[in-house]
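# Structure assessment
Listed below are the residues making up each chain.
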Amino acid sequence: MDLLYSIFIDPFVQMWQAPDLLVQTLWEGLVAGMLYSLIALGFVLIFKASGVFNFAQGIMVVFAALTLVGLYDILRHWGVRPGDLAAFLALGITIVVMLALAWGVERVVLRPLVNQPDIILFMATFGLTYILIGGGQLVFGGDSKIMIAEDLYLPKGPINIKAFGGLVTLQKLDIAAAIIASVMVVGLSVFFSKTRIGRALRAVADSHEAALSVGISLEQIWVVVWFASGLVALVTGIMWGARSEVSFALDIIALKALPVLILGGFTSVPGAIVGGLIIGIGEKMTEFYWGPVMGGGTDAWFAYVIALVFLLFRPQGLFGEKIIERV
Amino acid sequence: MLAVDNVSLSFGGVKAITDVSFDIRKGEIRAIIGPNGAGKTSMLNVINGFYTPQQGRITFKGAARSKMRPHEAATGGIARTFQNVALFRGMTALDNIMAGRSLKMHKNFFWQLLRHGPAMAEEVEHRKRVEDIIEFLEIPHIRKVPVGVLPYGLQKRVELGRALAMEPDLLLLDEPMAGMNLEEKEDMSRYILDVNNFYGTTIALIEHDMGVVMDLSDRVIVLDYGRKIADGTPDEVKRDRAVIDAYLGVAH
Amino acid sequence: MLYREAGQFKTSYQSDQAVFPLLQDRIGIGVILLIAYVAIPLTRNDFLINAMMTPFLIFTLAAIGLNILVGYTGLLSLGTGAFMGVGAYACYKLTTFFPGVNILVWIIASGFVSAAVGVVFGLPAVRIKGFYLAIATLAAQFFLEWAFTHIPWLYNYNVSAAIEVPQRELFGLIVTGPRATEITRYYIVLTILVVMTWFASNLVRGRIGRSWMAVRDMDIAAELMGIRLLPTKLLAFAVSSFYCGVAGAMLVFFWYGSAESTVFSINQSFFVLFMIIIGGLGSLLGCYLGAALIYMLPIALKFVPGQLGLPIEPATVEHLTFIIVGALIVFFLVVEPAGLARLWQIGKQKLRVWPFPY
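In what follows, the accompanying structure is described.

Reading the values: rules and limits
Residues numbered from 1 in each chain as written. Chains lettered and ligands numbered in written order. Predicted model: local features only at pLDDT ≥ 70, side-chain atom pairs only at ≥ 80, totals over all residues. Pairing = 2+ DSSP bridges. Helix = DSSP H or I, 4+ residues; strand = E, 2+ residues; numbered from the N terminus. Axes fitted to C-alpha atoms, helices over the stretch in contact; angles between N-to-C directions. Left-handed = near helix turned anticlockwise from the far one by under 90°. Contact = placed C-beta atoms within 7 Å. Nonpolar A, V, L, I, M, F, W, Y, C, P; charged D, E, K, R; others polar. Buried ≥ 20, exposed ≤ 12 C-beta atoms within 10 Å, placed from the backbone.

## A word on the sheet that holds strand β5 (residues 63-65) of chain B
All names here are of chain B. If you walk across this open sheet you meet the four strands as β2-β1-β4-β5, and the pairing is antiparallel. Strands with a single pairing partner mark the edges of an open sheet, and in this sheet they are β2 (14-24) and β5. Averaged over all pairs of adjacent strands, the angle between their axes in this sheet comes to 20°, without regard to strand direction.

## So, the packing of helix α4 (residues 80-97) of chain C against helix α6 (residues 130-150) of chain C
Residue and element names in this part refer to chain C. With their axes 8 Å apart at the nearest point, α4 and α6 run at an angle of 35° to one another. As α4 runs across α6, the sense of the crossing is left-handed. Residue-level contacts link G81, A82, G85, V86 and Y89 of α4 to A140, Q141, L144, E145 and F148 of α6. Among the residues forming the contact of α4 with α6, the class breakdown is six nonpolar, three polar and one charged.

## Observations regarding the pairing of strand β4 (residues 55-60) of chain B
Residue and element names in this part refer to chain B. In this sheet, β4 lies alongside strand β1 (residues 2-11) in antiparallel orientation, the contact comprising five bridges. Bridge pairing in β4 links S8 to Q55. Here β4 pairs with β5 via three bridges, running antiparallel. The residue bridging F60 from the neighbouring strand is A63, located in β5. Connecting β4 to the next strand, β5, in antiparallel fashion are two residues, including K61 with a positive phi near 50°.

## Concerning unusual backbone geometry
All names here are of chain B. The phi torsion at R115 lies on the positive side, around 65°, for a residue other than glycine. Along the chain, the position of R115 falls in the loop between α4 (109-114) and α5 (118-136). Given 20 C-beta atoms within 10 Å, R115 falls into the buried group. Here the phi dihedral of E167 falls at roughly 50°; this positive angle occurs in a residue that is not glycine. Take E167: it is sitting in the loop between α6 (152-165) and β7 (170-174). A residue is classified by how many C-beta atoms lie within 10 Å of it, and E167, with 16 of them, is partly exposed.

Okay, structure coming up:
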């Protein structure tokens, strides 16, 4: 009886009684969800353009962040002053590194495997993931690092709003993250639908052969796409690292984007956003209001169970294309 | 043996088949011909249960149904080959044909774990039947070869063998001669005729080569844009005005 | 000249279908079994037996389990770690509840528990394929991992949420717990592996194996043969989880001696997957080869440079392992997707015609 009460009644009572906590939880879920969306966005970019399901996307986020911080440390060590010069220099070099990574992946992994079934490419990205983890840790050290937020002019500190009968605290960094994420999403949507390269990307996603036959260079497109994806990963990494620390927690980062994609559909940019928000908010709410009943830690599996439910009833997600098999 | 009544099939807005009716008599060879996109393969897919028509009924061996699962079609005695050879690429030719015997093999999991004993006896018994088919199709030299490396013509033969292994009452062949040269076509025609004569198997056949169709089939049905435009013996159909306009053309 | 099949004619279908049709192969297997059962224990090298052989054998068993699911049936699963965990925790609960019963009985029973759980989480496979299914198996992995630390009943309300293996005996010999000898544990693990490999080999060469491979290659055509997809896929999940469960139970009971849930994490799932990718999907031999390579690699990295005078730190060893394994995955997928097993076959092929080039 107690159990039933705590599952079905109590959480809603709590929500009603403390609306400021509710709003706080919703906000935090929103911010987390947005970061998931950004990772999913990187996936969608690559999947739309090359049909490759880049499992390494999440790791690219960490790798980018780690590279940035690591380079910053090295530059400071060499005596580069002031701090923000070092930070932006490091940023520039990191962007070049991501470009090199994109080019390298295209040459070594994508090109040789272009004719293999998708599942082989998927497994190849597992290998890529582990190379990046090992490589990143080897070069920059395995312990977690602090993101260089101040030197990049990211705002810090809270905004306390007295509302909803209590106190709601919004971190300025989170607001900045939300704005930056929105800008990126809008920018990418415009890029896909309006520009020449965007059209080329969509052509490639539909059919490699057809795209080739109209003169689109697959290799160039793929480098562009993986680089764009790398930039998205870098921005995400900076945001993420600024909110918590930069470390290689594989399951949290890399894999959480997968349920987001299931929810949103693999080929949809708005889907990645909606999916991320649903997962982010759902996760935080579940953990906050139902977590205590279950002993906590529900965010370890909540996203995946939701994804499972979707897979059973609507595999193409909310916005994806329905898959029709022709014999 | 099989009756198709007023079947219509569409995919979203595309109407693949519109109000088609025909029948297939036991023991005959029925050809389905028509230009590309006429709905021939879709028709076969409806017959063996891959697609469910929005309208109409299929009556097979006396039992009428509008919806059939592929598995039910298999147990009912329908076997099929595919336009783009649907062999199991990871397996040898022998294993592919042995897979066709799956329905007839019954030794359960426990015996399979042990293998030696009843499961092996069953395996050997079915192997004998499969070897008969292999001899009939003249492919003993490739039985241990993985089918992925076989040339196209031999792949089609293995696929025919796999369908025959099911000992079907109704055999659906989707362009069995596609991509073959004259010699291979003659061989394939001979096999089809032999299957029809010796085993009494009813055969429905999609084919583009008019010579083959005229020589092999007892009756022909012609589809165009999803509709039936002719139905009769090869000679009748050859002279039909609508068929000539839509498909055959006139000799110059 | 040595590896010729000339003169070895098969006079029955049965002998044609044997696992090792060539006499040389049969001799080879005999030699390997002899080495495993006699030569290795005779070395009395505890390190070899306990740190290398026993875990290698256990991981091979898990690899066989996963290969049945991924390699033979084409169902990509990332839940291996969790299923191994189910086996381990099930065995723990069973043996603490009924301490008098033979531990081997409980090891096998825990396989069945794992199989049941596998079937439940395999139900989505009926509607989902490919990497969608992989994501569904992640739900199994993370949920079960959470359960291992959040359901106190599973670890007998132990404060540290870890499980300790109690001492058990078999025929008067102590087989589990801190006082069991390495050799005893090695023999038990070896024998279980040999028997289960034999079962797996029988399954994959018969009707069931063919139905699995048919589902993998072209499930639409398989349905047409009368092979029903749901029972076939669920059977694959059941058998695979059985093998992984037994492997997990053996991992804790016959090697680690205790365990926390971190043993059965997503990294474990990936490592077993890498073993079968590198070893060869759809090949039992590949399981052995892949497990050997992936498991021995970090050990080799620890020792070989040290012997050569260039010692490497343990943390670096781990990083290097990740890089090398990742690179091997990409390498094998690009160069030889059928893995080490295929390379082995090619080698045997060359041996057949040796000393001629072709």
